[in-house]
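Examination of the molecular architecture
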Amino acid sequence: MLSKNRQRKRLTTGKHRSLFISIALGAIAFSSSIFAPIVIAESATKAETKAIALEAVATSFADSVVIPTYQQLVEKSSELEQAIETFTSNPTDETLQTARTTWLETRYPWEQSEAFAFGPADSLGYDGDLDDWPVNQTDVAAVLNSGDSLTPEYVESLQTTQKGFHTIELLLFGTDNDKVAADFTARELELLQVLTTAFHQSATELATSWSEGVQGYPPYREVLATAGDSSNPAYPTADAAVEEIVQGIIGCLDEVANTKIGEPLVTGASETFESRFSHSSLNDFQNNLRSVENAYLGRISEDSNKAQTSLSDLVAARQPQLDEQVRQELAAAISAVEAIPEPVETKLNDAKTTAQMKAAQAEILTLFSTMQERVLPLVSQQ
């Protein structure tokens, strides 16, 4: 099966793929003018006004959705590192349960970031380091059976399918959510600790890449905010930045419908669920749709600050009925996923479960089509 990163690249347009490569190779050379404030002239033409509105959507998206979500991820990954340290120094069933609960909680902000897995998450490899799947269990076993020193440098050299969320999940929960503290070897405890420390470091760098910049690259928040600037090769037009947001939503919907739900339906194999070791794949579906909702509405929860100008606001300004349609289809998809019985991993052969999974898949694909066939062309209008 294709890894998650390769599946995402399958959906990426050639134009955006080339942009990611440019970023990875350090081809972006920002001049001082790219950060210059944008002045709105009273005599701005209709086209200029449209471009400024699109830039506002991109900037608000970064400030109200992306950065707050990654900040939550860092907070949770720090808690996970501490919970794992407590467990590995005192491996009891109680400390193991705390570590498992913290792992599940850390999944929430990460899965709610899946609708914007572009920029540094893709070009600098953080997505793969944090969440590649499926786990290569044979290679993980080889690490455990080797005499290699489990140093940070060693972890960095591992393949992405040997570390990150799901290798930590495998070690914590076992192959069928049935592991107890007494089952852990000293080598597993050691690997668990060093993997979690590396995970927290990657999560921190990902958040920093948007807010402050890493590895000599400018903050990706500024890359989006300066879309349309003549010296911004990543987004030469403001339209391109908003298209990226919509493409991120489309990619997330495709992955949930056709891979995360679709492959278990086609194969009938519970091994094809993403978070199968912990029996928490349904949480992933739900949080992926919340990610889509947050990206579209421009906030991370009903109680958080909403973006000053969201993608929903832009669509509503141009086609109010289409905005209402998107909102209704999004609500229907969320409701359909919530109706799937849990844990879905142990109920895959149940007729009611597969019927609910197919219903949810259909609702998600309806929204996918609307975003791809109507919203994407709308934001690309000249």
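Values in this document were obtained by computation on a predicted structure and should not be read as measured data.

1. As for helix α14 (residues 311–318)
Of the positions making up α14, those classed as buried are L311, S312, L314 and V315. Projected down its long axis, α14 shows its buried positions confined to an angular sector of 160 degrees, all on one face.

2. Section: the nonpolar core
Nonpolar side chains in soluble globular proteins tend to end up buried together. In terms of nonpolar packing, the biggest core is built from 105 residues, with W210, Y235, L311 and M371 touching the most fellow members. For W210, the residues in contact, after removing those within four places along its chain, are A62, V66, I67, Y70, F118, P120, P219, Y220, R221 and L224.

3. Considering a negative patch on the surface
A contiguous patch of negative charge on the surface is contributed by D93, D176, D178 and D183. You can see D176 is positioned in the loop between α9 (165–173) and α10 (186–211). Looking at D176, the relative accessible area reads 44%, which means it is partly exposed.

4. Details of the packing of aromatic side chains
Summed over all chains, the structure comprises 12 aromatic pairs. Pairing W103 with F173 gives two aromatic rings, centres 5.5 Å apart and planes at 65 degrees, and the pair type is edge-to-face. Here W103, found in helix α4 (residues 93–111), pairs with F173, found in helix α9; they are 70 residues apart in sequence, far enough to count as distant. Look at W103 and you get buried, because its relative accessible area is 0%.

5. Considerations on the packing of helix α15 (residues 320–338) against helix α16 (residues 351–379)
For the pair α15 and α16, interaxial distance at closest approach is 8 Å and the crossing angle is 160 degrees. With respect to their mutual orientation, α15 and α16 come out roughly antiparallel. In the packing of α15 onto α16, the handedness of the crossing is left-handed. Where α15 approaches α16, its residues L322, Q325, V326, E329, L330, A332, A333, A336 and V337 are matched on the opposing element by Q356, A359, A360, E363, I364, T366, L367, T370, M371, R374, V375 and L378. Here the contact of α15 with α16 is composed, by residue class, of 14 nonpolar, four polar and three charged.

Procedures and definitions
Residues numbered from 1 in each chain as written. Predicted model: local features only at pLDDT ≥ 70, side-chain atom pairs only at ≥ 80, totals over all residues. Heavy atoms only, no water. Buried < 20%, exposed > 50% of the residue type's maximum accessible area, 1.4 Å probe, protein only. Helix = DSSP H or I, 4+ residues; strand = E, 2+ residues; numbered from the N terminus. Arc of directions from axis to C-beta. Core = buried A, V, L, I, M, F, W, Y, C linked by side-chain atoms within 4.5 Å. Contact = heavy atoms within 4.5 Å. Patch = residues over 30% accessible without salt bridge, like charges linked within 9 Å, V, L, I, M, F, W, Y side chains within 5 Å. Areas by Shrake-Rupley, 256 points an atom, 1.4 Å probe, with all protein chains shown as cover. Salt bridge = Lys/Arg side-chain N within 4 Å of Asp/Glu carboxyl O. Lys, Arg positive; Asp, Glu negative; His and termini not counted. Charge placed at Lys NZ, Arg CZ, Asp CG, Glu CD. Phe/Tyr/Trp six-rings, centres within 6.5 Å; stacked < 30°, edge-to-face > 60°. Axes fitted to C-alpha atoms, helices over the stretch in contact; angles between N-to-C directions. Parallel < 35°, antiparallel > 145°, perpendicular 65-115°, else oblique. Left-handed = near helix turned anticlockwise from the far one by under 90°. Nonpolar A, V, L, I, M, F, W, Y, C, P; charged D, E, K, R; others polar.

None of this, on its own, says anything about what the molecule does.
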